[in-house]
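# Structural features, examined
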Amino acid sequence: MPVARGGTRRARGPLLSRIVAALFGGYALAALTSVATLALPVDAVEAVLLGMQASFGVYAGAVVWVFAARSASRAWLGLAVAAVPLLIAACLVWDQTAA
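I will try to describe carefully the structure that is included in this document. The numbering scheme is per chain: residues are counted from 1 as the chain's sequence reads. Reporting of local features is limited, given that this is a predicted model, to residues whose pLDDT is at least 70; pairs of side-chain atoms are given and counted only at 80 or more, and all residues count toward the totals for whole chains, interfaces and linings. For the side-chain quantities, the full set of heavy atoms in the structure was used; hydrogens and water were omitted.

## Notes on the packing of helix α2 (residues 44–68) against helix α3 (residues 72–98)
Close contact between α2 and α3 brings their axes to 8 Å; oriented N to C, the two are set at 150 degrees. In terms of orientation, α2 and α3 fall into the roughly antiparallel class. Facing α2, whose interface residues are Ala 62, Trp 65 and Val 66, α3 presents Arg 74, Ala 75, Gly 78 and Leu 79. When its residues are assigned to classes, the contact of α2 with α3 shows 5 nonpolar, 1 polar and 1 charged. Throughout, an axis means a line fitted to C-alpha atoms (over the contacting stretch in the case of helices), and angles, computed between N-to-C directions, take values from 0 to 180 degrees. Comment: elements are numbered from the N terminus, with helices defined as DSSP H or I runs of at least four residues and strands as E runs of at least two. Note on angle classes: values under 35 degrees are labelled roughly parallel, values over 145 roughly antiparallel, values of 65 to 115 roughly perpendicular, and the remainder oblique. By the convention used here, residues are in contact when the closest approach between their heavy atoms is within 4.5 Å. Under the convention adopted here, Pro, Cys and the residues Ala, Val, Leu, Ile, Met, Phe, Trp and Tyr are nonpolar, Asp, Glu, Lys and Arg are charged, and Gly plus all remaining residues are polar.

## Here's the deal with the side chain of Arg 18
Tracing the sequence through the fold places Arg 18 in helix α1 (residues 5–36). For each residue, the accessible area found with a 1.4 Å probe, counting protein chains only, is set against the maximum for its type, and the residue is called buried under 20%, exposed over 50%, and partly exposed in between. For the purpose of counting charges, residues Lys and Arg are taken to be positive, whereas Asp and Glu are taken to be negative. His and the chain ends are not included. The rule for a salt bridge is simple: a side-chain nitrogen of Lys or Arg has to be within 4 Å of a carboxyl oxygen of Asp or Glu. One buried charge, Arg 18, has no salt-bridge partner; the nearest side chain with opposite charge is Asp 95, at 34 Å. Among the polar contacts listed, one links the side chain of Arg 18 to the backbone oxygen of Ala 69, at a separation of 3.0 Å. When residues no more than four places from it in sequence are discounted, the contact partners of Arg 18 are Val 66, Phe 67, Ala 68, Ala 69, Arg 70, Ser 71 and Ala 72. Here a polar contact is taken to be a pair of N or O atoms separated by no more than 3.5 Å, where protein atoms must pair a possible hydrogen donor with a possible acceptor and residues adjacent in sequence count only if both atoms sit in side chains.

## Describing the environment of Val 66
On the secondary structure map, Val 66 appears in helix α2. With a relative accessible area of 0%, Val 66 lands in the buried category. Sequence separation between Val 66 and Gly 25 is 41 residues, and the spatial gap between their C-alpha atoms is 9.2 Å. What Val 66 contacts, discounting residues up to four positions off in sequence, is Arg 18, Ala 21, Ala 22, Ala 75 and Leu 79.

These figures capture arrangement, not role.
See below:
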């Protein structure tokens, strides 16, 4: 039995949302992680190296999370919840470097 065109488009919407969340949301989370590690009480060189290494794991974890979540909205919500503490730490780092 063929699927109606409207049904196909509705099925593609959540998938496209997850793909966008994985690509751009995961990248944003990884970037925030690499900046937030500069707030750690270690040397700047060690913090940069740690942030670079951690960002790969965070990006991979975000991609897995996005496709493992029950719905696309939960995937976006999970990325947003994970981004809040990282954004706070990154803002502290940006404030310290601006001063």
